[in-house]
Amino acid sequence: MGLTSAELLICLSPSGCLRIQPKIIGVTEGSDVTLPCSLSSRESIELKRFEWRKDGQKDVFLFDGGSRFTSGQDPQFKGRVSHFKDELKNGNASITIRDTKLTDRSLPPLVDNI
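One structure accompanies this document, and this report is about it.

Definitions and cut-offs
Residues numbered from 1 in each chain as written. Predicted model: local features only at pLDDT ≥ 70, side-chain atom pairs only at ≥ 80, totals over all residues. Heavy atoms only, no water. Core = buried A, V, L, I, M, F, W, Y, C linked by side-chain atoms within 4.5 Å. Buried < 20%, exposed > 50% of the residue type's maximum accessible area, 1.4 Å probe, protein only. Helix = DSSP H or I, 4+ residues; strand = E, 2+ residues; numbered from the N terminus. Contact = heavy atoms within 4.5 Å. Salt bridge = Lys/Arg side-chain N within 4 Å of Asp/Glu carboxyl O. Pairing = 2+ DSSP bridges. Polar contact = N/O pair within 3.5 Å; in protein donor to acceptor, adjacent residues only side chain to side chain.

## Overview of the nonpolar core
Ranked by size, the top nonpolar core spans 18 residues in total, and within it F50, W52, I95 and I97 carry the most contacts. Contributing elements (two or more residues each) for this core: β3 (23-28), β4 (33-35), β5 (49-54), β6 (58-64) and β9 (95-97). Ranked by residue count, the leading element in this core is β6, at three residues. Each residue touching I97, except ones within four places of it in the same chain, is listed here: S31, D32, V33, L35, V60, F77, R80, V81 and D104.

Dropping the structure here:
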């Protein structure tokens, strides 16, 4: 298996995030990876909107006010991305990508609008 990496570059939040600086996460192709993002305030995001994007363009994950949307999700990620629903009340916007592929590698994926 080859080596792929996912990059978590920015987690934007009006309240601030635990992780603001870029972080590169290495993962072996075919394994699962969790991309962490949590609000430092630990305030609930159960009714907020947040997005994960690859290269600022491809939708990896979209959560909006209690609903997860897959209609605009890039086909490369369909059925492979999950979030921590029970942790939204603690400000956790992390996602897990299952069965990583070399094509998952990216320039900065962005988390917006928390």
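From this point on, the discussion continues.
## Considering unusual backbone geometry
If you check the backbone angles, R42 has positive phi at about 60° while not being a glycine. Here R42 is to be found in the loop between β4 and β5. Here the phi dihedral of D99 falls at roughly 50°; this positive angle occurs in a residue that is not glycine. Structurally, the position occupied by D99 is in the loop between β9 and β10 (110-112). Looking at D99, the relative accessible area reads 36%, which means it is partly exposed.

## Some remarks on the pattern of salt bridges
All told, the structure shown has five salt bridges when counted by the stated rule. Measuring nitrogen to oxygen at the nearest pair gives 3.3 Å for the salt bridge that ties D64 to R49. Separated by 15 residues along the polypeptide, D64 in strand β6 and R49 in strand β5 bring together distant segments of the chain. Judged by its relative accessible area of 30%, D64 falls in the partly exposed class. Of the charged contacts in the structure, one is a salt bridge between K101 and D99, with a shortest N-O distance of 3.0 Å. The class of K101 is partly exposed, set by a relative accessible area of 31%. Linked by salt bridges that have partners in common, R49, E51 and D64 make up one network.

## Some points on the pairing of β5
Relative to β6, β5 runs antiparallel, the two being bridged by six bridges. Of the residues in β6, the one forming a bridge with W52 is F61. Hairpin connection, β5 to β6: the antiparallel pair is bridged by three residues, and D55 has positive phi, about 55°.

## Some thoughts on the side chain of S94
The topology assignment puts S94 in the loop between β8 (81-83) and β9. Under the relative-accessibility criterion, S94 is labelled buried at 6%. Among the polar contacts listed, one links the side chain of S94 to the side chain of N92, at a separation of 2.6 Å. Beyond its immediate sequence surroundings of up to four residues, S94 is in contact with T34, L35, P36, C37, S38, W52, S82, H83 and F84.

## Looking at the pairing of β6
Where β6 meets strand β7 (residues 67-69), three bridges bridge the pair, whose relative direction is antiparallel. Looking across to β7, one finds that D64 is bridged to S67. Counted between consecutive antiparallel strands, the loop separating β6 from β7 contains two residues, among which G65 sits at a positive phi close to 55°.

These results come straight from atomic positions and should not be treated as a statement about function.
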